[in-house]
Amino acid sequence: MYPKIKNRAIFIADAHENDRRDKFYLFLQKIESKEIDTPQLFLMGDMFDLLVGEVEYTVKKYEKYIDLINKISLHVEVFYFEGNHDFVLASLFKNIKVVPILLQPMKFSLEDDTLVYLSHGDKNGGFIHDIYTKLIRSVLLLKILNFVDLQADNFISKKIQNNQHKKNICTKIENFEKIINPKIKKYNPKQNSYIIEGHYHQNYHFTQNRINYINLPSFACNQSYFIVECSKRKKFTQCKLRG
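Residues numbered from 1 in each chain as written. Predicted model: local features only at pLDDT ≥ 70, side-chain atom pairs only at ≥ 80, totals over all residues. Heavy atoms only, no water.

Asks: Looking at this structure, how should I read the overall build of the protein chain?
Replies: Each helix and strand in the protein chain was counted, giving 8 helices and 14 strands. A compact globule built from 243 residues should have a C-alpha radius of gyration of about 18 Å, and the protein chain, at 18 Å, falls within 12% of that. Structurally, the protein chain occupies a C-alpha span of about 65 × 40 × 30 Å along its principal axes. In the protein chain, which comprises 243 residues, the proportion classed as buried is 49%. Long-range contacts, defined as pairs at least 24 residues apart, comprise 64% of the intrachain contacts of the protein chain with a sequence gap of at least 6. Carbon and sulfur atoms make up 53% of the accessible area of the protein chain, which amounts to about 13000 Å² in all. Here the protein chain contributes 36 positively and 27 negatively charged side chains, and the mean placements of these two sets differ by 6 Å. (Helix = DSSP H or I, 4+ residues; strand = E, 2+ residues; numbered from the N terminus. Rg over C-alpha atoms; globule rule 2.2 N^0.38 Å. Buried < 20%, exposed > 50% of the residue type's maximum accessible area, 1.4 Å probe, protein only. Contact = heavy atoms within 4.5 Å. Areas by Shrake-Rupley, 256 points an atom, 1.4 Å probe, with all protein chains shown as cover. Lys, Arg positive; Asp, Glu negative; His and termini not counted. Charge placed at Lys NZ, Arg CZ, Asp CG, Glu CD.)

Rendered as structure tokens:
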């Protein structure tokens, strides 16, 4: 049995919060106040331009976010799928299921027992990329980088964040299905299942060989997220995702 995705669960990805964006924090405030009411919150990675558990500058910078997410987790079940901009987070979120890249994709099921594979989306990027993702998540390496960063007035962290400011993250990827198809095979998915990823910022879905692929929208681009809707028809429950 896989963990269940509940009715009215919310999926949000790629908020890329930084000094110029605060819409994710406003969204979290609405969750906390129950203006947006949900039993489950799936944070699908890259919620910040840079948040690394072992890098003190980034933790302090987003301290109010961390506190608010932890507060939300007291009444909402929260899953945090680490991305390529936010990782080594388990020590920051005590009551939250943090899913590192090594455990992605993680299998869930909807209330109608449909199988769902969840991942941020940055896994299986090629040999060099895979080596990099392992190295950059090394606690020892991060401790060294944190020491150097502190000694240099947080130059490394600030440089990374400034580089992010220059990027246009809301661009359409041409031939997206063609790019994604080989990746779908690596999931080895069952027919009629769903694969849900962030990372690419495309807000795009398609079905191929009875596999449903959903790329979540970037919250940074249009403040969009997905909600699971389940309805009962006699003895049967049917669920769908609504953007």
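Asks: Whenever I open this one, the layout of surface pockets confuses me. Can you help?
Replies: In this structure, the largest pocket spans a volume of roughly 420 Å³. In terms of lining residues, the largest pocket is bounded by 23 residues, among which L50, F87, Y132, I136 and I160 are the most central. Looking at the lining of the largest pocket, the elements with two or more residues in it are helix 4 (127–136), helix 5 (139–151) and helix 6 (155–165). If one sorts the elements of the lining of the largest pocket by residue count, helix 6 sits on top with 5 residues. Looking at side-chain class alone, the lining of the largest pocket contains 10 nonpolar, 9 polar and 4 charged residues. Looking at the second largest pocket, its volume works out to about 250 Å³. Lining the second largest pocket are 14 residues, with I101, L102, T133, K134 and R137 positioned closest to its centre. A per-element tally of the lining of the second largest pocket places helix 4 first, with 3 residues. Each residue belonging to the lining of the second largest pocket can be placed in one class, and the counts come to 7 nonpolar, 2 polar and 5 charged. (1 Å grid on protein atoms, 1.4 Å probe; cavity = no way out; pocket = protein on both sides within 12 Å on 5 of 7 lines; lining within 4 Å. Points joined across faces, edges and corners; volume = space filled by probe spheres on them. Nonpolar A, V, L, I, M, F, W, Y, C, P; charged D, E, K, R; others polar.)

Asks: Help me understand the packing of helix 1 (residues 23–32) against helix 3 (residues 63–72), please; the structure alone is not making it clear to me.
Replies: Two packed helices can be described by the angle between their axes and the distance between those axes. Their axes nearest at 10 Å, the elements helix 1 and helix 3 cross at an angle of 25°. Taken together, the axes of helix 1 and helix 3 are roughly parallel relative to one another. Pair helix 1 / helix 3 crosses with left-handed handedness. On the side of helix 1, the interface is formed by F24, Y25, L28, Q29, I31 and E32, while helix 3 contributes K64, Y65, L68, I69, K71 and I72. Residues that form the contact of helix 1 with helix 3 fall into these classes: 8 nonpolar, 1 polar and 3 charged. (Axes fitted to C-alpha atoms, helices over the stretch in contact; angles between N-to-C directions. Parallel < 35°, antiparallel > 145°, perpendicular 65-115°, else oblique. Left-handed = near helix turned anticlockwise from the far one by under 90°.)

Asks: Explain the pairing of strand 8 (residues 106–110) to me, please; I cannot follow it from the model alone.
Replies: Sheet faces and side chains relate simply in a regular strand, where the side chains alternate between the two faces. Where burial is concerned, most of strand 8 is hidden: 4 out of the 5 residues are buried. Both strand 1 (residues 4–5) and strand 8 contribute to a ladder of 2 bridges, which runs parallel. Paired with I5 across the two strands is L110, which belongs to strand 8. Here 4 bridges tie strand 8 to strand 9 (residues 115–119), and the two strands are oriented antiparallel to one another. Each bridged residue has a counterpart across the sheet, and for F108 the counterpart in strand 9 is V116. The hairpin turn running from strand 8 into strand 9, its antiparallel successor, is 4 residues long, and D113 in that turn takes a positive phi close to 75°. (Pairing = 2+ DSSP bridges.)

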